[in-house]
Amino acid sequence: MKAPGRPGRAEAESPILVALSETTRTGLLLAVTLLGLTAGVIAWAAGYGGAADALWAATTLAALIPVAVSIIQSLLRRHAGVDVIALMAMAGSLALGEYLAGAVIALMVATGRALEEYAAGRAQRELSSLLQRAPRTAQRVENSIITEVPVEEVRPGDTLLVRDGDVIPVDGMVTDSVAVLDESALTGESRLVERSRGAPVQSGALNAGGVFQMLATATSEESTYAGIIRLVKEAQTTKAPLVRLADRYARYFIPLTLGVASFAWMISGDPVRALAVLVVATPCPLLLAAPIAIVSGISRAARRGIVVKGGGALEVIARAEAVFVDKTGTLTVGTPRLERIVPFDGAVDEAEILRLAASLDQASSHVLAQSLVQAARERGLDLELPNEVREIAGAGIAGRVNGRVIQAGSFALVTAGSEPSEQALRFRRRLMRDEGSVVFVGVDGQLAGAAVMDDEIRPESARAIRALKRHGVREVVMVSGDHATVAEAVGAALGVDRVIPECTPADKVDAVTESRKHRVTVMVGDGINDAPALAAANVGIAMGARGATSSSEAADVVLVVDRLDRLVETLLIAQRSRGIAIQSMMLGMGLSLVAMGFATFGYLTPVVGAILQEGIDAASIGNALRALRNGRKPTRAVDIPAERLAELRAEHRQLRPRIEELRTVADRLDSLEPQEARAQLEDMRSFILETVVPHEQSDESDIYPRLVGAVGGDDPLAAMSRTHQEIFQLARKFDRLLAELPPGNLEPEDIVDLRRMLYALHAIVHLNIAQEEELYVAFEEEHAAAPA
């Protein structure tokens, strides 16, 4: 086992020099033992037996001294390791004159340390590559002059030029053209991505396209890549936990070894036989295989965009029984999206309500305000600068836009001093049942309408929760600061086992702490308010690694890729690494026990036993290195390019707002004028027949057949195809119903039938898109994992 560094050494020497020094010492020990053993063999063959014994004794002593120092240092830390058996075997060889056996053991110890160096170096190369490719300089543009400056000098607001092949130095935003980026160092996904003008880019991504300019939005220390590097450095300096597990095994293995050695000596009367037992029991599998498997697992995780701060976290995750997950930003996207605008009394139309509210909200930093502004810009609305703006904490914002008095916020704020209409009151009552978020908009003192917002559930969330349960997690608990109605609706949609609503940060800590008393508990979150709960759990997992956020700092694991399915991958890697580590230890100890039996009854001499033990070590360490590999069962390739899957998901995003209009039109049928009602119904018919039906027909005829082979089974997509048939049937019925409507006002029974049809179409198309999203996300993940 390696001796710990002296306090303060990290400050005195760079990590590279420390690593070089350790590697040099290990290489020197291996060279000395190999040279000493070989020279002794040559001397013995030449007839110089005394010289051979001297060389072998010196070789044994060369390895014995560092092992003894290591044991003394461990004892000073009140920690006794399994390397005490190796020390006893070498000391016994010297005492009994078995110098050749001692030299072979010395070579075994040196080889084991060299194998550890090699395996750890191989396992950590992905982590080290992050440090090696960290950007050192940036091309800053000032007054049309490009200047190369140290990356530490870049400040938010600086314009930077990113050349082909450059690593993006800081977080920022594309300002002049499309950027083609290789984000594999950050996400583990090998495909190139495009970022259009105004899109955010993260430091550490590689420019794989043409030159582009960007606006810095953070310093280098606050940027994504610096945060990852800090986490990686912490991961590299943390001791793997299964070393402790190995030492727990050693508590039984060492007494057993000494007992068997004593028995061998007692029945034979020959101390050399006891020495043979000690030689074959030298526990390099315990010393090396366990930490190598864990470090290999950390390396495997790093390749997939998962930064594990230490082996302790990986080992504990493998035994997780309860997972607490924050709702907003973890199970949901975290950024509210405008679902629809609902005007009241028709005084102001939908577009104008959105334009006025978004113009005012430009002065607000609230997340709902930012979403409204983004929605208005996506619709091409011209926003104006507001004035006389005042924000009311917890209520909303008020001000003037082009001379008009505008309010946006809570119902109480917007209706203060005025009487809301019956339509507005009905809408508010229904909103409480629909479990949504809303921004009410007032214009010139009157409630004009409402913007209904939706924090969309991540498409991979439900699949991730099901996978966690399949792989040994007994309970998945959702914690949220939202009202119980909203939180329970999301929890029911995702299939979590328990929902804890209206949680403050202290409530989350209490819930996690209580769970931790009875079982291994993992907490997953992304925000500042999650940091205390992340720290309170057995293992805290943070979504995202930007800068030095408190959640990332408090967490033991950081999912650099903003996808919840990486949580499942973390669990699988942890379980595989721990399983391989235990398997390697059991393999090594099992073979050693068999060899000890043969040595007890005189079938193995110390020299032969030492050579045999070398083979046992190599087998155990080779098995431990399997943790570097994927470990997934091979699956049939998805016959759809990743780009096409991304396009399908983009089409779904475009369809969603129009799908919500189906319900909106159904809600308003009895309050619209006959001509307007017919116009909106015709618009919905056009949308269904000309957009939805062709889209689903294309999925059925082109996409589904190409997915069947990868899913497996006789007809794995039968249920989804049946959903398509139901959509086509409802579309035909809706078309026929509109065609048969008599002229004039809509009759009450017609309104009932139309509403029923629109609600059915809204529900089934919405469900079908959610199912396809989950499927496409799964196959996008398969594409991303394929090269790794």
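Since the structure is predicted, the reported quantities are computational estimates derived from the model, not experimental observations.

Analysis parameters
- Residues numbered from 1 in each chain as written.
- Predicted model: local features only at pLDDT ≥ 70, side-chain atom pairs only at ≥ 80, totals over all residues.
- Heavy atoms only, no water.
- Pairing = 2+ DSSP bridges.
- Helix = DSSP H or I, 4+ residues; strand = E, 2+ residues; numbered from the N terminus.
- Axes fitted to C-alpha atoms, helices over the stretch in contact; angles between N-to-C directions.
- Expected span 1.5 Å × (residues − 1).
- Parallel < 35°, antiparallel > 145°, perpendicular 65-115°, else oblique.
- Contact = heavy atoms within 4.5 Å.
- Nonpolar A, V, L, I, M, F, W, Y, C, P; charged D, E, K, R; others polar.
- Buried < 20%, exposed > 50% of the residue type's maximum accessible area, 1.4 Å probe, protein only.

Undergrad: Which residues make up the sheet that holds strand β16 (residues 437-443), and what values go with them?
TA: Ordered by their spatial adjacency, 6 strands build an open sheet running β12-β17-β16-β15-β14-β13, and the pairing between neighbours is antiparallel. Looking at strand neighbours, the two that pair on one side only are β12 (337-343) and β13 (387-392), the edges of this open sheet. Neighbour-to-neighbour, the strand axes of this sheet turn through a mean angle of 20 degrees, independent of strand direction.

Undergrad: Pulling in residues and values, what's your account of helix α23 (residues 565-600)?
TA: Working note: α-helix, 3.6 residues per turn, so residues spaced by three or four point in the same direction. Spanning 36 residues, α23 covers 52 Å between terminal C-alpha atoms, matching the ideal 52 Å at 1.5 Å per step. The first or second residue beyond α23 is G602, which carries a positive phi of 85 degrees.

Undergrad: Could you give an account of the environment of L707, naming the residues involved and the relevant values?
TA: In this fold, L707 is placed in helix α26 (residues 674-711). Through-space distance from the C-alpha of L707 to that of I640 is 7.8 Å; in sequence the pair is 67 residues apart.

Undergrad: Tell me about the packing of helix α10 (residues 271-281) against helix α24 (residues 606-624), and name the residues and values.
TA: Interaxial distance between α10 and α24 falls to 8 Å at its minimum, and their mutual angle equals 10 degrees. By the angle class used here, α10 and α24 are roughly parallel. Residue-level contacts link V272, L275, A276, V279, V280 and A281 of α10 to P606, G609, A610 and Q613 of α24. For the contact of α10 with α24, the per-class residue count stands at 8 nonpolar, 2 polar and no charged.

Undergrad: Any chance you could break down the sheet that holds strand β19 (residues 498-500) for me, citing the residues and the numbers?
TA: Sheet architecture is open: 7 strands sit in the order β10-β22-β21-β20-β11-β18-β19, paired in mixed fashion. Of all the strands in the sheet, just β10 (306-308) and β19 have a single pairing partner and so form its edges. Taking the axes of each pair of neighbouring strands and ignoring which way they run, one obtains an average angle of 20 degrees across the sheet.

Undergrad: Just give me the short version of unusual backbone geometry, but keep the residues and values in it.
TA: With phi around 55 degrees, N143 is a residue other than glycine that occupies positive phi space. Secondary-structure assignment places N143 in the loop between β1 (137-142) and β2 (145-150). Residue class for N143 comes out exposed when judged on its relative accessible area of 76%. The phi angle at D444 is positive, at roughly 55 degrees, despite the residue not being glycine. Along the chain, D444 turns up in the loop between β16 and β17 (446-454). For D444, a relative accessible area of 43% corresponds to the partly exposed category.

Everything listed is a geometric property; what it means functionally is a separate question.
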